[in-house]
Amino acid sequence: MKNNYLILASAILCAGLVPVYSQPGRAPAIPTMSGHMAKLFGGISAYSATMETQSKDGSGNTMTMPSKIFRLDAKTRMETDMAKMKGGNMNPNAAEQMKAMGMDNMVMITRPDKKVSYLIYPGLQAYAENPIQDHDATASTADYKVETTELGKDTVDGHPCVKTKVIVTDDQGTKYESVVWNATDLKKF
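Residues numbered from 1 in each chain as written. Predicted model: local features only at pLDDT ≥ 70, side-chain atom pairs only at ≥ 80, totals over all residues. Heavy atoms only, no water.

Counting secondary structure elements, the protein chain contains four helices and ten strands. Ordered by position in the sequence, the α and β elements of the protein chain form the string α-α-β-β-β-β-α-β-β-β-α-β-β-β. Considering the protein chain as a whole, with its 189 residues, one finds that 35% of them fall into the buried category. Here the analysis covers contacts within the protein chain between residues at least 6 apart in sequence; of these, 40% occur between residues at least 24 apart. Of the accessible surface of the protein chain, which amounts to about 11400 Å², a share of 52% is contributed by carbon and sulfur atoms. (Helix = DSSP H or I, 4+ residues; strand = E, 2+ residues; numbered from the N terminus. Buried < 20%, exposed > 50% of the residue type's maximum accessible area, 1.4 Å probe, protein only. Contact = heavy atoms within 4.5 Å. Areas by Shrake-Rupley, 256 points an atom, 1.4 Å probe, with all protein chains shown as cover.)

Here you go:
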């Protein structure tokens, strides 16, 4: 019972500390590797990577969040050190407060096959189970259209890459824009 109140209080505090919105008026977006992201990665169904997510809030401020992501088929695990988030309207003391509460490390496990995601805080020894209700997280990759524009050539981690702007549009007209580096020596991964 005590953990339930702690989780609720922590969630309310986090909502006030980290106001990151993918579009004005929408709830904070946590990336899943289904829907438009699955279309972005095409047929590559198993990998691990370090990634950086950038989101703009309603005022146009950009927040950057580094993470590690692991994928097997449509199941994903994302590990984030919330103390490393930067930018946006984040309170300068937020990282210290999150660390003091044991909320600096967060793990999100997404299981589209079970239509559920788990938000885990190892430092709190607590988790929350949430049903996936987002259309994007449960949609088929056939529901998306992809437009690509080559931006140039680059080398990333020793791999020759083609830098590309990718716009994925869902069947409801929502557009998701990404910049990707496809390694030519790794079958465009």
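Take the confidence of the model for the protein chain next. Regions with low pLDDT should not have their predicted coordinates read in detail. Looking at the protein chain as a whole, the pLDDT averages 75, with 74% of positions reaching at least 70. Scored below 50 in pLDDT, residues 1-31 makes 38 contacts in the model with residues more than four places away or belonging to other chains. (pLDDT = per-residue confidence, 0-100.)

Residues Ala94, Ala95 and Met98 constitute the buried set of helix α3 (residues 94-101). Along the axis of α3, the buried positions cluster into a sector of 100°, meaning they face one direction only. Of the exposed residues in α3, those oriented more than 90 degrees away from the buried face are Glu96 and Ala100. Just beyond α3, the residue with positive phi is Gly102, at close to 80°. (Arc of directions from axis to C-beta.)

Turning our attention to the sheet that holds strand β10 (residues 175-183). Strand order in this open sheet of three strands is β8-β9-β10, and the pairing throughout is antiparallel. At either margin of the open sheet sits one strand with a lone partner, and together these are β8 (144-156) and β10. Strand-to-strand twist of the sheet, defined as the mean angle between neighbouring strand axes without regard to direction, takes the value 20°. Bridge analysis of β8 against strand β9 (residues 159-170) gives twelve bridges, and the strand direction is antiparallel. Residue pairing for β9: Lys145 is matched across the bridge by Thr169. (Pairing = 2+ DSSP bridges. Axes fitted to C-alpha atoms, helices over the stretch in contact; angles between N-to-C directions.)

With that settled, the discussion passes to the nonpolar core. Residues Met85, Met90 and Tyr121 are the most contacted members of the largest nonpolar core, which totals 19 residues. Going through the elements one at a time, β1 (46-56), β2 (62-72), α3, β5 (105-111) and β6 (116-121) are the ones with two or more residues in this core. (Core = buried A, V, L, I, M, F, W, Y, C linked by side-chain atoms within 4.5 Å.)

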